[in-house]
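# Fold and geometry: a report
In case you want the letters, here they are:
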Amino acid sequence: MSPQPTLSSTDIPQLSANADVNAWVVRTAELTKPDRVVWCDGSQEEFDRLTDEMVESGTLIRLNEEKRPGSFLGRSDAGDVARVESRTFICSEREEDAGPTNNWRAPAEMRAELERLFDGSMRGRTMYVVPFAMGPLGGAITQYGIEITDSPYVVASMALMTRSGQAALDHITPGSEWVPALHSVGYPLVDADGTSRPDVAWPHNEEKYITHFPETREIISFGSGYGGNALLGKKCFALRIASVMARDEGWMAEHMLLIQVTNPEGRTFTITGAFPSATGKTNLAMLQPRLPGWKVETLGDDIVWLRKGADGRLNAINPEFGFFGVAPGTGYDTNPVAMTTIERNTIFTNVALTDDGDVWWEGMTDEAPAHLIDWQGEDWTPDSGRPAAHPNARFTVRAEQCPTLSPDWNAPDGVPVDAILFGGRRATNVPLVFQSKNWEHGCFLGATLASEQTAAAEGPVGKLRRDPFAMQPFAGYHMADYWGHWLDIGADLGDAAPAIFQVNWFRKDADGKFLWPGFGENVRAVKWVTDRLAGKVPAVETPIGNLPRLGDIDLEGLDGFTADDLVPLFEVSDLSWLAELDVTREYFEEIGPKVPDALVAQLDEVGTSLKEN
Ligand code: PEP
Ligand code: NA
Ligand code: MN
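Residues numbered from 1 in each chain as written. Chains lettered and ligands numbered in written order. Predicted model: local features only at pLDDT ≥ 70, side-chain atom pairs only at ≥ 80, totals over all residues. Heavy atoms only, no water.

## Regarding the pattern of salt bridges
Note the cut-off: Here a salt bridge means any side-chain nitrogen of Lys or Arg lying within 4 Å of a carboxyl oxygen belonging to Asp or Glu. Each helix corresponds to a stretch of at least 4 residues labelled H or I by DSSP, and each strand to a stretch of at least 2 residues labelled E; elements are numbered beginning at the N terminus. Exposure is judged per residue with a 1.4 Å probe applied to protein chains only, and the accessible area is read against the type maximum: over 50% gives exposed, under 20% gives buried, and values in between give partly exposed.
Applying the stated criterion to the full structure yields 31 salt bridges. The closest approach of N and O atoms between D119 and K33, which form a salt bridge, is 2.6 Å. Placement of D119 in the loop between α4 (107-118) and β6 (126-134) and of K33 in the loop between α1 (19-32) and β1 (36-39) is noted, with a sequence separation of 86 residues between them. The shortest N-O distance in the salt bridge between D248 and R217 comes to 3.1 Å. Of this pair, D248 sits in helix α8 (residues 233-249) while R217 sits in the loop between β10 (209-213) and β11 (218-222), and the two are 31 residues apart along the sequence. Residue classification places R217 among the buried positions, given a relative accessible area of 15%. Sharing partners across several salt bridges, the network here consists of K234, K235, K281, D302 and E320.

Set out below in structure tokens:
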């Protein structure tokens, strides 16, 4: 067979007002050699056409229109179910700039490798050009990008997760800044010699590269069709590349939720929260308060960009347009708001299919259906001995469907932040809620954020999995410099800086039992945060921070839970904390000599005051 003729540059539409965008599209098409190039306009017609085509080709299953209108199920390949941190690279000019927490490759070397992989990688496929905005169109904090992809699943998902299409393209003007984000599943349908192979439901490649070029603000992703690896506006742009932009330009890109909390007097507080993956960030973002008269409104569940406004305060936006949430564990009892959000117009990935064409996953209902088709397309019954949904099964849905969405969520220049929460999954040591002594101490709390890998019973401090500021896999530069940037931001904001708190819903007793009911009851800790912001209650100064007086935690209506039950939730054990500080000191040494002196000083100060205690 003879090689396929490739598109000539005159067949490649060039629809941008920005010549660099057009040149990049032409160059990419010439390298990847697709059959055709399609610019996406972001319309409903386009979404419907793409999803129809994916149902036709077997990539998506249309769910029962009566049960789950406008919704689809996709099943990924078993080898492409999650972010691949081992294949994620920061390609800064100097290895030192990627720091100890990122994989690094020299940019020239990485580009040469990618050039080889992308050469012809879209043969037989359509190359889609997806303009997108991260943030409200025209907003002061908003950034723009173009994703090129050969995956219609990615195009449809980007249409739910970002403001994409013509409206975003219109904001990329001659000379304006935009981030090129190149993606291919790495499964061409035609070889260089012209041999063709059939498509599969979930094309991907064994060889995966999720690469970031911080100096030139580029993203190149090869071989995976999965969320965080392929929807490049999300983790790749809005966190890894944006964190570098933010460092250079004096703003912040953070792995945070964003909510507004209104107390019974009608005063509203804006709160962001950095929580490591799998610590209930989406649940807190959609909290249904279990205290009468309280309201929580949702602005974001994963990413927040923050920038100082004209009034000197820190303003926040959610740069995303949708939620890419973990399905398992989400049910009407644990997160009814999420369940309502995903009643329609949702793309599910790797959940189970019910016999009547709806979806199910572990934790959706107490009892599993008698028969399902599992996430791999196999028959499943409750005695199958394996989960029906993949533990990382996801829903993808527009934020506008969230019943608790704040009317401010689209505010072009963001909303001023009152408080920042840090929360890990800690069986020991960390109280239910407390306040940092000041911004620098708050940065210490963020830098030392961690989750325990082992149960409390195994020792005073279990092995800690570090996730500083919940940014371990997402900071696009040296972690110590990122901590330094946090300190700089606080110094610049001065008295206008948000207050910083730490929360922990996961403390356990000696038998390994959770001490706090969690979920909707977490509003009781949030209430104390807002009472502090409003100046309503004093705090108790301790070596580790400013703790509530136990009587200030509202237990009204929390059946069977008494003030005595609060005691172990707020216990500060000097010995156990001193042991933890030793571990923290070792951790700072691992991060290296660039750890800011101010954070080492915080460590020393906590240690000294514990010993004096
Ligand atoms: C993802 O895996 O794409 C993702 C959004 O990650 P996480 O839920 O861990 O933040
Ligand atoms: Na993941
Ligand atoms: Mn996340």
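Right, picking up where we left off after that structure.
## Quick word on the site of ligand 1
To keep it simple, the criterion reads: Note on terminology: near, applied to a residue and a molecule or strand, indicates that one of the residue's heavy atoms is within 4 Å of it. By the criterion applied in these results, polar contacts are pairs of N or O atoms within 3.5 Å in which, for protein atoms, one can donate a hydrogen and the other can accept it, and in which residues neighboring in sequence qualify only through two side-chain atoms. Areas reported here follow the Shrake-Rupley algorithm with a probe of radius 1.4 Å; residue values treat only the protein chains shown as occluding. Charged residues are taken to be Asp, Glu, Lys and Arg, nonpolar residues to be Ala, Val, Leu, Ile, Met, Phe, Trp, Tyr, Cys and Pro, and polar residues to be all remaining types, Gly included.
In the region of ligand 1, the neighbouring residues are R83, Y226, G227, G228, K234, K235, H255, S277, D302, F324 and R394. The separation between an oxygen atom of ligand 1 and a polar side-chain atom of R83 is 2.7 Å. Protein burial of ligand 1: of its 300 Å² of free accessible surface, 90% is covered by the chains. Residue assignment for the shell around ligand 1 shows that the elements contributing at least two residues are α7 (227-230) and α8. Among the residues forming the shell around ligand 1, the class breakdown is two nonpolar, four polar and five charged.

## What about the sheet that holds strand β20 (residues 352-354)?
For clarity, the cut-off: We treat two strands as partners when DSSP finds at least two bridges between them.
Across the sheet, which stays open at both edges, the four strands sit in the order β21-β20-β22-β23 with antiparallel pairing between neighbours. Single-partner strands in this sheet number two, and they are β21 (359-360) and β23 (379-380). Judged from the two bridges that link them, β20 and β21 form a sheet pairing that is antiparallel. Paired with L353 across the strands is V359, a residue of β21.

## Section: the coordination of the manganese ion (ligand 3)
Applicable threshold: Only nitrogen, oxygen and sulfur atoms qualify as donors, provided they sit within 2.8 Å of the metal or within 3.2 Å for Na, K and Ca; with water excluded from the atoms, sites may seem incomplete.
Note on the manganese ion (ligand 3): its protein donors are K235 (NZ), H255 (NE2) and D302 (OD). The metal-donor distances range over 2.1 to 2.2 Å. When the donors of the manganese ion (ligand 3) are listed by position in the chain, the intervening gaps give K-x19-H-x46-D. Of this pair, K235 sits in helix α8 while H255 sits in the loop between β12 (252-254) and β13 (256-262), and the two are 20 residues apart along the sequence. Residue K235 shares its accessibility class with H255, and that shared class is buried.

## Here's the deal with the state of the cysteines
Here is the rule we go by: When the sulfur atoms of two cysteines come within 2.5 Å, that pair is taken as a disulfide.
Per the counting criterion, the structure on display carries zero disulfides. Looking at C236, it has no disulfide partner, and the nearest cysteine sulfur is the one in C91, 11 Å off. By relative accessible area, C236 is classed as buried at 0%.

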